[in-house]
Amino acid sequence: MSKTEASHIKNHISDSSILETYQQVLDNTHDAIHICQDYKPVFINKSFSKLTGYDRETLMGLQFTELIDKEALEDSQIAALFKSYHSDEFFSFKAFLHTKDGEKRYCNIDIRSISWHGELARMLIIHDLTAQRDNEIRQKALFEITEAASFSPQIDILYEKVHKIISRLIHAENFVIALYNAERYEVTIPYFVDVRLPAENLAYCQRQAGNGIIEYLLRRGRASQITRRGLERLIHQKRLEYKEEPFHQWIGVPLFTQDNMVIGALATYTYDDAVVFGDKELEILSFLSTQLAMAIEKKRAEDDIHESEEKYRLLVENIYDAIMVVQNDRFAFFNNVVCELLGYSRIELAVNSFENILAKDARIFYGKLLDTKSETEKKNEEELAFIKKDGSEIYVEANSNLIQYRGGNALFIIFRDITERRRLLTIMEEERNLLRTLIDSIPDLIYMKNLQGKFILANSAFANFCGFENADQLLYQGYPDILHNEAAAYYHQHDLDFLASKEANSTFEEENTDSEGQKRWFLSTRVPLLDADAKKIIGYTASRKTISKHVTEIISNLYAKLLEIEKTEGLEASEAYLNAYLKDKGEDINFQN
């Protein structure tokens, strides 16, 4: 009822001729009307009776101050309005009214002095704001849950805040949040508060979904209310299992996402017989459940992303390679290794230009790469020179790709310092050249072979003996590749037999024919070639020393004689002749040129 209507009633309600008409109007108005004189009710309309739940006869015997919440009466100004009937002020305040069934209705109460049957009276116009207030409270709770999801650093803190928010709306001292994983068929209890259980019993719980009360709720798929008697019946029917202390009453709701996927449940229960859960409490849980499900999903996704980002950050920061993203000639991202290699602090590098760290060859390379203006599928690996803060150069092995980053083209570069490697390679190359010069200056025939009988090293003398201009032409070839006669197979098998025998070394005389057809005698020595651990034979190294002309003549004649004896008298006779010869004339044989 408006102030204008109330004033109109005040000015005319004392007229007895129209009093009855106005009583009918007041009795049928939507707002509750209570008129009293000396605290005693003189008129109560139907709406007031409906609001409080009492019949008119009962209400006519109750003072209004018996129905209003005591906190309102503690306000001295409100209390004074009930005592003074002579104030012409139109006063309005909000307070709770107690109903017959124990409810509290939140109302706006307007008070004015009027003339009733010629006597001063108080007219109270009561407008029920309970639904509006409940909606405002629920909307505030929704906002607080959304805010909690956005600003809670961990999801555990979100659960705790949600419990506090719901506890302001309903009795929720015992509270459970459960999560359900349909793929794994698992139920997780990340948040659980029970006033009758010690803290150590409330730890994080994860289990296979079974026949518990949470699983019962998830199977039903809708808000549920269970009393102690109902619990006993469900247990007897084997529809659920419950081994904890029986509750007085339990209410719970499934948590559905916007895609109608169930991700868990929300429940509260009480052991106190004086606490009663009704449709209102269940409605509040249902009202908040969707927002809570969205908040949990959002927070879990954020936590997953944060965890993933943290893992990648740790990986990127602890990797030995330098990683950076360059966009518009600026460092959009870089790890600490970049700073360490280039000698800059993070702040210095962040404000620096990418071009400033590039030597001439690197500028050309990245200029061409950026000119492609599209994401590159292949890896662009290159050895480049970067310039450090102190002006010195470091050589890097860089793997660079053009990517999309924050809506634009960017260079994604992974590089490592190879300055020391290049220095060592230079030293090795110098040593290799020195070794090559050394062995090429030796007149003896020198070479190395692998287990397959292929040449892996040879000096110029041996290459020339075989008819090649340089030793590189012999690499990874065997005797069958360079000798096209019957001797090739013999020499090759001779090599393999030596490698198979695993002898420490072998020294013997042999006759070979050079590329010009000249026969020459050599003293050949072969030594096994071992791996880096000196445990495994990986080939052999050999040298052939030319035997002097004097010895060659002796050996040639002796060799011919031995062959003749072997043909006529046999191998044993040939060996006996050799032993006797060496005993008699061995001092005449030497290997000095």
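From N to C terminus, the protein includes 21 helices and 21 strands. Looking at the protein alone, contacts between residues at least 24 apart form 48% of all its contacts between residues at least 6 apart. Here the protein displays about 34700 Å² of accessible surface, and carbon together with sulfur accounts for 50% of that area.

It is worth spelling out the packing of helix α9 (residues 155-167) against helix α12 (residues 279-318) at this point. In contact at an axis separation of 10 Å, α9 and α12 are set at 165° when each is read in the N-to-C sense. Judged by the inter-axis angle, α9 sits roughly antiparallel to α12. You can see that α9 and α12 cross each other, and the crossing is right-handed. Here Ile155, Leu158, Tyr159, Val162 and Ile166 of α9 lie close against α12, whose contacting residues are Leu285, Leu288, Leu292, Ala295, Ile296, Lys299, Arg300 and Asp303. Classifying every residue of the contact of α9 with α12 by side-chain character gives 10 nonpolar, no polar and three charged.

Residues at a pLDDT of 70 or more form 89% of the protein, whose mean pLDDT is 84. Ranking the helices and strands of the protein by mean pLDDT puts strand β10 (residues 249-256) first, with 95, and helix α1 (residues 3-12) last, with 50.

As a further point, take the sheet that holds strand β17 (residues 445-450). Read from one edge to the other, the open sheet built from five strands follows the order β18-β17-β21-β20-β19, with strand pairing classed as antiparallel. Looking at the sheet topology across the chains shown, the edges are occupied by β18 (455-458) and β19 (506-513). Between one strand axis and the next, the sheet turns by 25° as a mean value, whatever way the strands run. Bridge count between β17 and β18: three bridges; the pairing is antiparallel. Note that in β18 the partner of lysine 449 across the bridge is phenylalanine 455.

Scanning the entire structure with this criterion turns up 23 aromatic pairs. Here the aromatic rings of tyrosine 242 and phenylalanine 247 are separated by 5.4 Å at their centres, their planes lie at 75°, and the arrangement is edge-to-face. By the burial criterion, tyrosine 242 is buried, and phenylalanine 247 matches it. Ring centres of phenylalanine 331 and phenylalanine 334 lie 6.2 Å apart, and the angle between their planes is 85°; this geometry places the pair in the edge-to-face category. Note on phenylalanine 331: relative accessible area 7%, which makes it buried. Three or more aromatic residues joined by ring pairs make a cluster, and in this case those are Tyr447, Phe455, Phe462, Tyr479, Tyr490, Tyr491, Phe498 and Tyr540. Of note, arginine 422 hangs over the ring of tyrosine 395, and the distance from its end group to the ring centre comes to 3.8 Å.

Time to look at the side chain of aspartate 27. On the secondary structure map, aspartate 27 appears in helix α2 (residues 16-28). Here aspartate 27 falls in the buried class, since its relative accessible area comes to 14%. If we ignore the near neighbours within four places in the chain, the residues touching aspartate 27 are Phe43, Ile44, Asn45, Lys46 and Arg56.

Time to look at the environment of serine 113. Counting through the fold element by element, serine 113 comes out in strand β4 (residues 104-116). Placed 11 residues apart in sequence, serine 113 and leucine 124 show a C-alpha to C-alpha distance of 9.1 Å. There is a polar contact of 2.9 Å between the side chain of serine 113 and the side chain of arginine 122.

Considering all chains together, one arrives at 20 salt bridges under this definition. Two residues, arginine 196 and glutamate 245, come together in a salt bridge whose shortest N-O distance is 2.3 Å. With arginine 196 in the loop between β7 (186-193) and β8 (205-208) and glutamate 245 in the loop between α11 (228-236) and β10, the pair connects residues that are 49 residues apart, well separated along the chain. Residue classification places glutamate 245 among the partly exposed residues on the basis of a relative accessible area of 38%. Linking lysine 449 and aspartate 495 is a salt bridge whose minimum nitrogen-to-oxygen distance equals 2.5 Å. With a gap of 46 residues between them, lysine 449 in strand β17 and aspartate 495 in helix α19 (residues 486-501) connect regions that are remote in the sequence. Taking relative accessible area as the criterion, lysine 449 reaches 0% and is therefore assigned buried.

Ile166, Ile170, Phe175, Leu266, Leu288 and Ile296 are the most contacted members of the largest nonpolar core, which totals 33 residues. Those elements that provide at least two residues to this core are α8 (130-151), α9, β6 (174-181), β10, β11 (262-270) and α12. Element by element, the count of residues in this core is highest for α12, at eight residues. Counting 28 residues, the second-largest nonpolar core is a separate cluster that includes Ala322, Tyr344, Ala362 and Ala398.

All right, on to unusual backbone geometry then. Comment: phi is negative for the bulk of residues other than glycine, and the bulk of peptide bonds are trans. The backbone of asparagine 260 sits at a positive phi, close to 65°, despite the residue not being glycine. Checked against the element boundaries, asparagine 260 lands in the loop between β10 and β11. Residue class for asparagine 260 comes out exposed when judged on its relative accessible area of 58%. Backbone geometry at asparagine 328 places phi at a positive 55°, although glycine is not the residue there. Relative to the helices and strands, asparagine 328 resides in the loop between β12 (322-327) and β13 (330-334).

Here we take up the packing of α8 against α9. Between α8 and α9, whose axes approach to 9 Å, the crossing angle comes to 170°. When the interaxial angle is binned, α8 and α9 end up roughly antiparallel. Where α8 crosses over α9, the two elements pack in a sense that is right-handed. Residues Ala141, Glu144, Ile145, Ala148 and Ala149 of α8 lie in contact with α9, whose contacting residues are Leu158, Lys161, Val162 and Ile165. Considered class by class, the residues forming the contact of α8 with α9 number seven nonpolar, no polar and two charged.

What counts as what
Residues numbered from 1 in each chain as written. Predicted model: local features only at pLDDT ≥ 70, side-chain atom pairs only at ≥ 80, totals over all residues. Heavy atoms only, no water. Helix = DSSP H or I, 4+ residues; strand = E, 2+ residues; numbered from the N terminus. Contact = heavy atoms within 4.5 Å. Areas by Shrake-Rupley, 256 points an atom, 1.4 Å probe, with all protein chains shown as cover. Axes fitted to C-alpha atoms, helices over the stretch in contact; angles between N-to-C directions. Parallel < 35°, antiparallel > 145°, perpendicular 65-115°, else oblique. Left-handed = near helix turned anticlockwise from the far one by under 90°. Nonpolar A, V, L, I, M, F, W, Y, C, P; charged D, E, K, R; others polar. pLDDT = per-residue confidence, 0-100. Pairing = 2+ DSSP bridges. Phe/Tyr/Trp six-rings, centres within 6.5 Å; stacked < 30°, edge-to-face > 60°. Buried < 20%, exposed > 50% of the residue type's maximum accessible area, 1.4 Å probe, protein only. Lys NZ or Arg CZ within 6 Å of the ring centre and 35° of its normal. Polar contact = N/O pair within 3.5 Å; in protein donor to acceptor, adjacent residues only side chain to side chain. Salt bridge = Lys/Arg side-chain N within 4 Å of Asp/Glu carboxyl O. Core = buried A, V, L, I, M, F, W, Y, C linked by side-chain atoms within 4.5 Å.

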